[in-house]
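# Structural overview for review
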Amino acid sequence: MEEKKIYIIGAGLSGLVAALELEKAGLSPVILEASDRVGGRMKTDEIDGFRLDHGFQVLNTAYPEAKKYLDLHALQLKTFDPGAVIFDGKDSYVITDPLRNPLKIVGMAFSKVGTFLDKVKMFSLTQELKKKSNEEIFAEPSIPTHQYLKQYGFSDQIISNFFKPFFRGIFLEKHLNTSSRMFEFVFKMFSLGHAAVPARGMGEIPEMIKRQLSTTQIYFNSPVRSVEGTRITLENGDQLPADRVIIAVQPDRIMKQLQGQFAPARTVVNLYFSTQKSFLARPMIGLLPSGQLVNNLVFMDDVSEAYSSNGRSLLSVTVLESHLTEKELVKAVQAELESISGIKAEYFKPVKQYHISYALPHVDDMKYSIPHTECKIVDQVYLAGDYLLNGSINAAMTSGRTAAEAVIHSFMPTH
Ligand SMILES: Cc1cc2nc3c(=O)[nH]c(=O)nc-3n(C[C@H](O)[C@H](O)[C@H](O)COP(=O)(O)OP(=O)(O)OC[C@H]3O[C@@H](n4cnc5c(N)ncnc54)[C@H](O)[C@@H]3O)c2cc1C
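Residues numbered from 1 in each chain as written. Predicted model: local features only at pLDDT ≥ 70, side-chain atom pairs only at ≥ 80, totals over all residues. Heavy atoms only, no water.

By the naming in an unreviewed UniProt entry, the protein chain goes by Phytoene dehydrogenase-like protein and is assigned to Algoriphagus aquaeductus.

### Observations concerning the site of the ligand
Around the ligand sit 34 residues in total, of which Ser14, Glu33, Gln57, Tyr63 and Asp386 are the nearest. Measuring from an oxygen atom of the ligand, one finds a side-chain N or O atom of Tyr63 at 2.7 Å. A total of 1,000 Å² of accessible area belongs to the ligand in isolation, and the protein chains cover 90% of it. Secondary-structure elements contributing two or more residues to the shell around the ligand are helix H1 (13-24), strand S19 (349-360) and helix H12 (393-410). Each of domain 1 (6-42 + 203-261 + 363-410) and domain 2 (44-78 + 196-200 + 266-360) accounts for three or more of the residues forming the shell around the ligand. (Near = heavy atom within 4 Å. Polar contact = N/O pair within 3.5 Å; in protein donor to acceptor, adjacent residues only side chain to side chain. Areas by Shrake-Rupley, 256 points an atom, 1.4 Å probe, with all protein chains shown as cover. Helix = DSSP H or I, 4+ residues; strand = E, 2+ residues; numbered from the N terminus. Domains from an automatic or database assignment.)

### Examining the sheet that holds strand S11 (residues 224-228)
If you trace the three strands from one edge of the open sheet to the other, you get S11-S12-S13, paired in antiparallel fashion. The open sheet terminates on both sides in strands that have one partner only, identified here as S11 and strand S13 (239-241). The mean angle between the axes of side-by-side strands here comes to 20°, regardless of whether they run parallel or antiparallel. (Pairing = 2+ DSSP bridges. Axes fitted to C-alpha atoms, helices over the stretch in contact; angles between N-to-C directions.)

### Observations regarding the sheet that holds strand S16 (residues 285-287)
Spatially, seven strands are ordered S8-S7-S16-S17-S18-S15-S19 in an open sheet, and the strand pairing comes out mixed. Edge positions in the open sheet fall to strand S8 (91-96) and S19, since each of these has one partner strand only. Put simply, the sheet's adjacent strands are angled 25° from each other on average, direction ignored. Both S16 and strand S17 (residues 294-299) contribute to a ladder of two bridges, which runs antiparallel. Within S17, the position partnered with Gly286 by the bridge is Leu297.

### Examining the domain arrangement of the protein chain
Parsing the protein chain into structural domains produces domain 1 (6-42 + 203-261 + 363-410), domain 2 (44-78 + 196-200 + 266-360) and domain 3 (108-192). With 24 residues of domain 1 at the contact, the number on the domain 2 side is 22 residues. For the domain 1 face of the interface with domain 2, the top three residues by lost area are Arg41, Glu204 and Met208, together amounting to 28%. Counting across the interface, domain 1 meets domain 2 through two salt bridges. Arg401 is paired through a salt bridge with Glu65; the nearest N and O atoms lie 2.4 Å apart. Our count for the contact surface shared by domain 1 and domain 2 stands at 11 residue pairs in polar contact (both at pLDDT 80 or more). Of all the elements in the fold, those that place two or more residues in the side of domain 1 that touches domain 2 are H1, helix H9 (204-212) and H12. Within the side of domain 1 that touches domain 2, the residues separate by chemical class into 10 nonpolar, seven polar and seven charged. (Contact = heavy atoms within 4.5 Å. Buried area = accessible area lost by both parts, 1.4 Å probe. Salt bridge = Lys/Arg side-chain N within 4 Å of Asp/Glu carboxyl O. Nonpolar A, V, L, I, M, F, W, Y, C, P; charged D, E, K, R; others polar.)

### Considering the nonpolar core
Judged by nonpolar contacts, the single largest core of 120 residues is most densely connected at Leu59, Phe162, Phe163 and Ile232. Here this core takes nine residues from H12, the largest share from any one element. Beyond its immediate sequence surroundings of up to four residues, Phe162 is in contact with Ile86, Ile95, Pro98, Leu99, Met122 and Leu287. By size, the runner-up hydrophobic cluster in this structure holds 22 residues, among which are Phe279, Leu297, Phe299 and Val319. (Core = buried A, V, L, I, M, F, W, Y, C linked by side-chain atoms within 4.5 Å. Buried < 20%, exposed > 50% of the residue type's maximum accessible area, 1.4 Å probe, protein only.)

### Thoughts on the packing of helix H6 (residues 145-152) against helix H8 (residues 180-192)
Running from amino to carboxyl end, H6 crosses H8 at an angle of 70°, the nearest separation of the two axes being 8 Å. It follows from the interaxial angle that H6 and H8 lie roughly perpendicular. When the axes of H6 and H8 are compared, the crossing they make is right-handed. In this structure, H6 contributes Thr145, Tyr148 and Leu149 to the contact, and H8 contributes Ser180, Phe183 and Glu184. Considering only residue class, the contact of H6 with H8 consists of three nonpolar, two polar and one charged. (Parallel < 35°, antiparallel > 145°, perpendicular 65-115°, else oblique. Left-handed = near helix turned anticlockwise from the far one by under 90°.)

### Focus on the environment of Gly114
Within the secondary structure layout, Gly114 lies in the loop between helix H3 (107-111) and helix H4 (116-131). A relative accessible area of 5% places Gly114 in the buried class. Here the alpha-carbon distance between Gly114 and Thr398, two residues 284 residues apart in the chain, equals 36 Å.

### Let's talk about the pairing of strand S15 (residues 266-275)
Looking along a regular strand, one sees side chains alternate from face to face of the sheet. For S15, a buried count of nine out of 10 residues is recorded, marking the element as mostly surrounded by other parts of the structure. Looking at chain direction, S15 and S19 are connected through eight bridges and run antiparallel. What sits directly across from Ser274, in S19, is Lys349. For S15 and strand S18 (residues 313-319), the ladder comprises seven bridges, and the chain directions are antiparallel. Counted as the bridge partner of Thr275 is Ser313 from S18.

### Some thoughts on the pattern of salt bridges
Overall, the coordinates contain 16 salt bridges when judged by the stated rule. Residue Arg51 pairs with Glu46 through a salt bridge whose shortest N-O separation is 3.4 Å. Judged by relative accessible area, which is 12%, Arg51 ranks as buried. One salt bridge connects Lys376 with Asp379, and the closest N-O pair in it is separated by 3.2 Å.

### A look at H8
In this model, H8 (13 residues) spans 18 Å end to end at C-alpha, consistent with the 18 Å of a helix rising 1.5 Å per residue. For H8, the tally of buried residues reaches 12 of 13 residues, placing the bulk of the element in the interior. Ser180, Arg181, Met182, Phe183, Glu184, Phe185, Val186, Phe187, Lys188, Met189, Phe190 and Ser191 are the residues of H8 that are buried. (Expected span 1.5 Å × (residues − 1).)

Structure representation (structure tokens):
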């Protein structure tokens, strides 16, 4: 094939996967990335002997796309214990494995979160979802998750004590308005796989895809201002003519005609504290069903020791909504941590806060995949990114592959 100039805008997971697929077809794309490294929303900083992921996120080992593009063994995945520690005021209790082995949970422990009937329903939902393909799940009618849970017959008790705090932390919204399709998909993934992080942080995931690239050129610190037809204009004014363009970022930022077409994204605040030692002392997520600010927390070094190399523990706290200043937020969260752990507020030493204004896209019509014919936006310009399907690692990877397929297909002779 004669040398074609293919530009990919964005080096997040979708852009990286697109590049990998293009390379497999013998093409050599160029990635233009605004920041100084790959990964987009999935990055890990190293600060004061800690590894800080940009926002608490996990890889589910059952994601089909992750198995395609990642060597899960080489990532040295560290898995969470399934289930959660529920903090109920000063009380706390553990529910082990509710999404996989609900019937195995001891009655006493479960009675604090739900009813016997909930347990049976959890079991039957697990069985039903295992029989459905992911495509079938996303072809189901979409209703808000909170409505789905009621319709399925779950009690108010288990909805408030478990489903709400658990899925709020995944959907990054308080009311579980997210589509039931996403609920079913996530529920199924958790019943088949494990939540995990690479030993050295989530940033290892995009780095692993980057290492597989050999003929792709990546230009960092190269923000794109606009794309008109196949003409790319960088923020510095340089213009780049292209044969094909893949826009692997929500395109309203660079295509004027799309401005105002997307609903605001989900935001989140992730606070890190260091402590002398973990008060959970297990690789498990902590949920606060009636937390004022804190929705969920986890000691990252309980999951993977490499998250801390300075002898202290690293606590990651997720806050869904806050209008407080950084200082006020630290104080309020420290007070909440004291109230659940009994450890004095000042022993939670602030490390860093990440205010993530674009965490998950708002997607009305969630999909598992789209045909490659649907990702063309104008002639020779194609779209990739999780916002096309659903906000997940799996979707970002799928969208990257689909856009690459569209580009490859566009070079094929038509008859
Ligand atoms: C806090 C948080 C928690 C999450 N939790 C999970 C989870 O537990 N499980 C899960 O599956 N998913 C989770 N996700 C979602 C997952 O991280 C994303 O779906 C995925 O990383 C999106 O990849 P992407 O390539 O579509 O977009 P992005 O990662 O946003 O990549 C876009 C890239 O384009 C670059 N860019 C932007 N504008 C320009 C421009 N003008 N010019 C050039 N480059 C530009 C950006 O710098 C970025 O590198 C979470 C996300 C966040 C933020």
